[in-house]
Amino acid sequence: RICHLLIHIADMIHCFLMLNLFPIMFLALRAHALLRIVLGSTLLYLGYRHLIKDRAELRAALRKHWPRLALFFVWYLGIVELVTGGMFFVGACTQIAAIIAIIMSVKMFILRRRLAHSSIPQPLFYVLVLGISISLFITGAGALAFDLPI
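None of these values were measured; they are calculated from a predicted model.

Cut-offs and rules
- Residues numbered from 1 in each chain as written.
- Predicted model: local features only at pLDDT ≥ 70, side-chain atom pairs only at ≥ 80, totals over all residues.
- Heavy atoms only, no water.
- Helix = DSSP H or I, 4+ residues; strand = E, 2+ residues; numbered from the N terminus.
- Buried < 20%, exposed > 50% of the residue type's maximum accessible area, 1.4 Å probe, protein only.
- Contact = heavy atoms within 4.5 Å.
- Areas by Shrake-Rupley, 256 points an atom, 1.4 Å probe, with all protein chains shown as cover.
- Core = buried A, V, L, I, M, F, W, Y, C linked by side-chain atoms within 4.5 Å.
- Phe/Tyr/Trp six-rings, centres within 6.5 Å; stacked < 30°, edge-to-face > 60°.

Caption draft 1: Inspection of the overall build of the protein at higher detail. Counting secondary structure elements, the protein contains six helices and zero strands. Within the protein, the proportion of its 150 residues that are buried is 32%. Taking the intrachain contacts of the protein between residues at least 6 apart in sequence as the baseline, contacts between residues at least 24 apart amount to 74%. Here the protein has roughly 10,100 Å² of accessible surface; of this, 75% comes from carbon and sulfur atoms.

What follows is the structure in structure tokens.
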């Protein structure tokens, strides 16, 4: 009898541990869309900031290390951020945008030490962008996107 009681208690504990506290699996596709839209919005804001708001200051900061390439780098960074952010935001070619964001985040993580400007986010930001981009590359765009679900 004690063995049967222990087995019954173990089964109850096992069943309890298998359940989610908040059963919201119907939101799973929307979670990818939320990540994609938030990352896209953030990259759009950074692109706007680098191209329009802080362009002169960022160019002056980059001239210290790369005097000939400072203007090109500012335009390149801003345009890549705007295009990639737009692709993420609308959900078009999400995996291509994720590859671009992965390359950009690794590059900016390495170059951040040389770029001493307030409009360039901290390295932790690029680690988060890298993680979200890898996740979106693997899982796809989610709901509310132009990409077809895989």
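Caption draft 2: Region of interest: the environment of glycine 40. Tracing the backbone through its elements, the reader meets glycine 40 in helix α2 (residues 28-53). Considering only alpha carbons, one finds glycine 40 and alanine 97, 57 residues apart in sequence, at a separation of 9.6 Å. Those residues in contact with glycine 40 that sit more than four places away from it in its chain are Gly85, Phe88 and Phe89.

Caption draft 3: Region of the structure containing the nonpolar core. Among the nonpolar cores identified, the biggest contains 24 residues, and Leu62, Phe73, Phe88, Met108, Leu115 and Ile120 are the most heavily contacted of them. When residues of this core are traced back to their parent elements, those giving at least two are α2, α3 (55-63), α4 (70-90), α5 (94-111) and α6 (123-139). It is α4 that provides the largest number of residues to this core, a total of seven residues. When neighbours within four sequence positions are excluded, leucine 62 is seen to be in contact with Pro67, Ala70, Phe73, Val74 and Leu115.

Caption draft 4: The packing of aromatic side chains, seen in detail. Following the criterion strictly, the structure yields two aromatic pairs and no others. Consider the rings of phenylalanine 72 and tyrosine 76, whose centres lie 5.9 Å apart with planes at 20°: the pair is stacked. Taken together, the residues span about one helical turn, with phenylalanine 72 and tyrosine 76 both in helix α4 at a distance of four residues. A residue is classified by how much of its surface remains accessible, and phenylalanine 72, at 55% relative accessible area, is exposed. Tyrosine 76 gets classed as partly exposed once you look at its relative accessible area, which sits at 35%. An angle of 80° between the planes, with centres 5.1 Å apart, marks the rings of phenylalanine 125 and tyrosine 126 as edge-to-face.

Taken by themselves, the reported measurements are silent on function.
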